Amino acid sequence: AGVVNVVAGAGPVAGEALVSHPGVDMVSFTGSTAVGKRVMQLATADVKRVHLELGGKAPFVVFDDADLDAAVQGAAAGALINTGQDCTAATRAYVQRPIYDAFVDQVTSLFGSITFGDPLDQATDIGPLISRRQQERVAGFVDRARAEGATVRVGGEIPGGILSAGAFYPPTVITDAGHSSEIARSEVFGPVLVVLPFDSDDDGIALANDTVYGLAASAWSTDVFRAQRAQRELAAGCVWINDHIPIMSEMPHGGYKQSGFGKDMSSYSLEEYTQVKHVVLDVSGQAKKEWHRTIFSEK
């Protein structure tokens, strides 16, 4: 008792009451950027410390010298983990134009081979989304992208038949969407990957960074200098080279920009929950200290 206490309730009621309570010294929140902003707003009344792990729209940058098979496999794994309901999931694949068509063809084929269904079935690759509401939200993003002229290469429809009993949504690949489109800029939180082309290395990094988010990113290249440039210049709290998603407990996890601040995991995370106190203890017994000359004139 007193170490871990659980207060159940809706965010606007129980959550806001906890964040606003003067007995709470610090708030750590994981969730959407919109709610994170509300948490910060409420915390300002008492100048509370806040730790935020918020939304993401992770870029997946594939340079033209990358191992194409590895990049395609990594895109599927990185985009579909937790049925895409992961804030670090690969959601925007930027592929250099010489290999763009080949990447699209291969990733579309791989997404189409994914088995989605009953998560208790050993043959299932991915299961349902968390709720009907989330299913409708993901479908809405894809439907609006299609209406705006984007091409749905695979997936993109709520399944019927036996799968209609659950909140399923198929692995979906979208192309021909603009970089400024909703599907390319907003967090979908579902099994949806948008693939966009880029020309020069400068363009690829600039497009990857052109987002309000900065939680995670990856770059794919067999050139060590390209890889080192990408890891320096990609504005994200976690950057992978030739992989996407694995996070080790010994390494910090946290975002840049509107993906929040503070770190989870590793020894860095302990600093978020530690308040430093400066203590000085004088044991000299002297009434007059050397530094008192800054106050008293010498006599």
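Up top is the structure.
A brief structural summary. In this text, all values refer to a predicted model and were calculated from it rather than measured experimentally.

Calculation criteria
Residues numbered from 1 in each chain as written. Predicted model: local features only at pLDDT ≥ 70, side-chain atom pairs only at ≥ 80, totals over all residues. Heavy atoms only, no water. Phe/Tyr/Trp six-rings, centres within 6.5 Å; stacked < 30°, edge-to-face > 60°. Helix = DSSP H or I, 4+ residues; strand = E, 2+ residues; numbered from the N terminus. Buried < 20%, exposed > 50% of the residue type's maximum accessible area, 1.4 Å probe, protein only. Lys NZ or Arg CZ within 6 Å of the ring centre and 35° of its normal. Patch = residues over 30% accessible without salt bridge, like charges linked within 9 Å, V, L, I, M, F, W, Y side chains within 5 Å. Areas by Shrake-Rupley, 256 points an atom, 1.4 Å probe, with all protein chains shown as cover. Salt bridge = Lys/Arg side-chain N within 4 Å of Asp/Glu carboxyl O. Disulfide = S-S within 2.5 Å. Pairing = 2+ DSSP bridges. Axes fitted to C-alpha atoms, helices over the stretch in contact; angles between N-to-C directions. Contact = heavy atoms within 4.5 Å.

## So, the packing of aromatic side chains
How two aromatic rings sit relative to each other is set out by the distance from centre to centre and by the angle between their planes.
At step 1: Taken as a whole, this structure holds two aromatic pairs when the rule is applied.
At step 2: On the numbers, 5.9 Å between centres and 90 degrees between planes, the contact of Phe-63 with Phe-198 is edge-to-face. One end of the pair, Phe-63, is in the loop between β3 (58-62) and α3 (68-80); the other, Phe-198, is in strand β7 (residues 192-198), with 135 residues separating them in the sequence.
At step 3: With a relative accessible area of 1%, Phe-63 lands in the buried category.
At step 4: Given a relative accessible area of 2%, Phe-198 falls into the buried group.
At step 5: Its end group placed over the ring of Phe-141, Arg-144 keeps NZ or CZ at 5.0 Å from the ring centre.

## Describing a nonpolar patch on the surface
At step 1: On the surface, Val-3, Val-4 and Val-6 cluster together into a nonpolar patch covering about 380 Å² of accessible area.
At step 2: Within the secondary structure layout, Val-6 lies in the segment before α1 (11-20).
At step 3: Assessed through its relative accessible area of 75%, Val-6 is described here as exposed.

## Some thoughts on the state of the cysteines
At step 1: Counted under the stated rule, the structure contains zero disulfides.
At step 2: Sulfur of Cys-87: no disulfide; nearest cysteine sulfur belongs to Cys-238 and is 10 Å away.
At step 3: For Cys-87, a relative accessible area of 17% gives the class buried.
At step 4: On the basis of relative accessibility, which here comes to 13%, the residue Cys-238 falls in the buried class.

## Observations concerning the sheet that holds β7
At step 1: Pairing within the open sheet is mixed, and its seven strands lie in the order β5-β6-β7-β4-β3-β8-β9. Across the chains shown, the open sheet's two edge strands, defined by having one partner strand only, are β5 (151-154) and β9 (238-241). Averaged over all pairs of adjacent strands, the angle between strand axes in this sheet comes to 25 degrees, irrespective of strand direction.
At step 2: By the bridge criterion, three bridges tie strand β6 (residues 172-175) to β7 in an arrangement that is parallel. Residue pairing across strands places Val-173 opposite Leu-193, the latter belonging to β7.
At step 3: Sheet contacts for helix α5 (residues 132-147): β5, β6 and β7; angle to β6, the most-contacted strand, approximately 30 degrees.

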